Amino acid sequence: MPSSSPSSPFPPSPEPSSGSSASAAPFPAYPSRERVVAALRAAGCVFAEEEAELLLAAAGDPAGLTALVERRAAGEPLELVVGWAEFRGLRITVEPGVFVPRRRTEFLVEQALAHAPEAAVVVDLCCGSGALGAALADALGDVEVHAADIDPAAVRCAGRNLAAYGGQVHTGDLFEALPGGLRGRIDILAANVPYVPTGEVPLLPAEARDHEPPTALDGGEDGLDVLRRVAAEAPEWLAPGGLLLVETSERQAAGALAAFTRNGLAARSAVSEQWYAHVVIGTRER
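Residues numbered from 1 in each chain as written. Predicted model: local features only at pLDDT ≥ 70, side-chain atom pairs only at ≥ 80, totals over all residues. Heavy atoms only, no water.

### Structural notes on the overall build of the protein
Condition: Strands here are runs of E lasting at least two residues and helices are runs of H or I lasting at least four, both read from the DSSP assignment and numbered beginning at the N terminus. Three labels apply to residues, based on accessible area from a 1.4 Å probe with only protein chains included: buried if under 20% of the type maximum, exposed if over 50%, partly exposed otherwise in between. Accessible areas in this description were obtained via Shrake-Rupley with a 1.4 Å probe; residue shielding takes into account the shown protein chains only.
A count of helical and extended segments in the protein gives 10 helices and nine strands. Each of the 286 residues in the protein was classed as buried or not, and the buried ones make up 49%. Here the protein has roughly 13,200 Å² of accessible surface; of this, 53% comes from carbon and sulfur atoms.

Next up, the structure:
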């Protein structure tokens, strides 16, 4: 009968009872759903049943399933293990070394669509996987969509996610990455900037701290360094009436609003109690 090796994430298979018939089928070598769930529970996965279904669907063979469960049991984010994350009903490709889009960030997309439903030019800055650009392009239809990130791994990933929308993805530091022809034309500038204060990065859950790029998390001493840089340059890139939207924390919202108004944007904040999400919205006056 198969049993767990010392390195296997699976519990031992049950031995047959003494009353089992000789013709009874042996316990299958392929790890069953129940064994996958048990392994995930032992590793502390709260939603073990749901995760087991995703891992079973992603595995190509028994060895592949074992490898996936080992990665998840070791603490790797589920989205990186299966290779995708759900975001506004889309399956967004993610890969190791790329920031995993959070469901709470869907609120930023909702705010963008509510305030600029006729947007024709969209930019996803600090794009990571390109989830914001893909979600906005999917909702708006025929739009010109661009994305940019300083991390080449993120740019490659975003390129895959935006290909279906004809999106263009650029490598570089914030606005330096964008084509000059976008100046004064952007209707929605979605910038999911890093906003974790440097001193709090070590306190993040291990899934983020150990598996996502520091550049996507660390926002400087107060968490607003990158946000202030974006706010300073955004007005010259936005079209008249164009929007800049960033996600921040509740305690940082006042500082973010001040950075927006200081650079000539009409600023307001929006809060989702459901997602515990805070978005600051800046508008270039017409």
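From this point on, the discussion continues.
### Quick notes on the pairing of strand 4 (residues 144–149)
Put simply, the rule reads: Any two strands between which DSSP finds at least two bridges are classified as paired. Note on handedness: a clockwise path from strand one over the helix to strand two, with the strands aimed away from the viewer, defines a right-handed crossover.
Buried residues dominate strand 4, accounting for five of its six residues. Note that strand 3 (residues 121–125) and strand 4 share five bridges and pair parallel. Within strand 4, the residue paired with Asp 124 across the bridge is Ala 147. Each parallel crossover has a hand, and the one from strand 3 via helix 6 (residues 131–140) to strand 4 is right-handed. In this structure, strand 4 lies alongside strand 5 (residues 168–171), joined through four bridges in parallel fashion. Residue pairing across strands places Ala 148 opposite His 170, the latter belonging to strand 5.

### Remarks on the confidence of the model for the protein
Formally: One confidence number per residue, pLDDT, is output by the predictor and ranges from 0 to 100. Any two residues whose heavy atoms approach within 4.5 Å at even a single point are treated as in contact.
In the predicted model, the protein carries a mean pLDDT of 89, and 90% of its residues have values of at least 70. Between residues 1–6, whose pLDDT stays under 50, and residues either more than four places distant or in other chains, the model counts 10 contacts. Across residues 13–29, where pLDDT falls below 50, the model places 10 contacts with residues more than four positions away in sequence or in other chains.

### Some remarks on the sheet that holds strand 7 (residues 238–248)
Applicable threshold: Between N-to-C directions, angles span 0 to 180 degrees; the directions come from axes that are lines fitted to C-alpha atoms, helices contributing only their stretch in contact.
Reading across from one edge, 5-4-3-6-7-9-8 is the order of the seven strands in this open sheet, with mixed pairing throughout. Edge positions in the sheet fall to strand 5 and strand 8 (266–272), since each of these pairs with one other strand and no more. Each strand of the sheet is rotated relative to its neighbour by a mean of 20°, with strand direction disregarded. Both strand 3 and strand 6 (residues 186–191) contribute to a ladder of four bridges, which runs parallel. Looking at strand 6, one finds that Asp 124 is bridged to Ala 190. With respect to the sheet, helix 5 (residues 106–115) is in contact with strand 6, strand 7, strand 8 and strand 9 (277–283), its orientation differing from that of strand 7 by roughly 160°. Packed on one face of the sheet, helix 7 (residues 152–162) meets strand 4 and strand 5 and runs near 175° to strand 5.

### Considering the pairing of strand 7
Counting buried positions over the 11 residues of strand 7 gives 10, a clear majority of the element. Two strands pair when backbone bridges link them, and strand 6 and strand 7 are joined in this way by five bridges, in the parallel orientation. Its bridge partner lying in strand 7, Ile 186 is registered against Leu 238. Bridging between strand 7 and strand 9 involves six bridges; their strand directions are antiparallel. By the bridge assignment for strand 9, Val 246 is matched with Val 280.

### Here's the deal with unusual backbone geometry
Backbone geometry places Arg 88, a non-glycine residue, at a positive phi of 50°. Within the element layout of this structure, Arg 88 appears in the loop between strand 1 (84–87) and strand 2 (90–93). Even without being glycine, Tyr 276 reaches a positive phi, approximately 50°. Structurally, Tyr 276 is set in the loop between strand 8 and strand 9.

### Considering the nonpolar core
Filter applied, for reference: The set of buried Ala, Val, Leu, Ile, Met, Phe, Trp, Tyr and Cys residues whose side-chain atoms join them within 4.5 Å is what this entry labels a nonpolar core.
Grouped together as the largest cluster of nonpolar side chains are 32 residues, with contacts concentrated most on Phe 87, Val 109, Leu 136, Leu 140, Ile 188 and Leu 245. The set of elements that each furnish at least two residues to this core consists of strand 2, helix 5, helix 6, strand 4, helix 7, strand 6, strand 7 and strand 9. A per-element tally of this core places helix 6 first, with seven residues. The contacts of Ile 188, once residues within four sequence positions are left out, are Ala 112, Ala 116, Ala 119, Val 121, Val 122, Val 123, Leu 136, Leu 140, Leu 243 and Leu 245. Among the nonpolar cores identified, the runner-up in size contains 29 residues, and Val 123, Leu 189, Val 193 and Leu 238 belong to it.

### Structural notes on helix 3 (residues 62–73)
Put simply, the rule reads: What a helix should span is 1.5 Å times the count of its residues minus one. This arc is taken over the directions from the axis of the helix to the C-beta atoms. Residues adjacent in sequence count toward polar contacts only when both atoms are side-chain atoms; beyond that, a polar contact is any pair of N or O atoms within 3.5 Å, and within protein one must be able to donate a hydrogen and the other to accept it.
The end-to-end C-alpha separation of helix 3 is 16 Å, in line with the 16 Å expected for 12 residues at 1.5 Å each. Listed in full, the buried residues belonging to helix 3 are Leu 65, Leu 68, Val 69 and Arg 72. Each buried residue of helix 3 sits inside an arc of 95° when the element is viewed along its axis, so together they form one side. The inward-facing, buried residues of helix 3 contact helix 1 (33–42), helix 2 (48–58), helix 4 (78–82) and helix 8 (206–211). The N-terminus of helix 3 is capped by Asp 61, whose side-chain oxygen sits 3.2 Å from the backbone nitrogen of Ala 63. In the segment just after helix 3, Gly 75 is the residue with positive phi, at about 105°.

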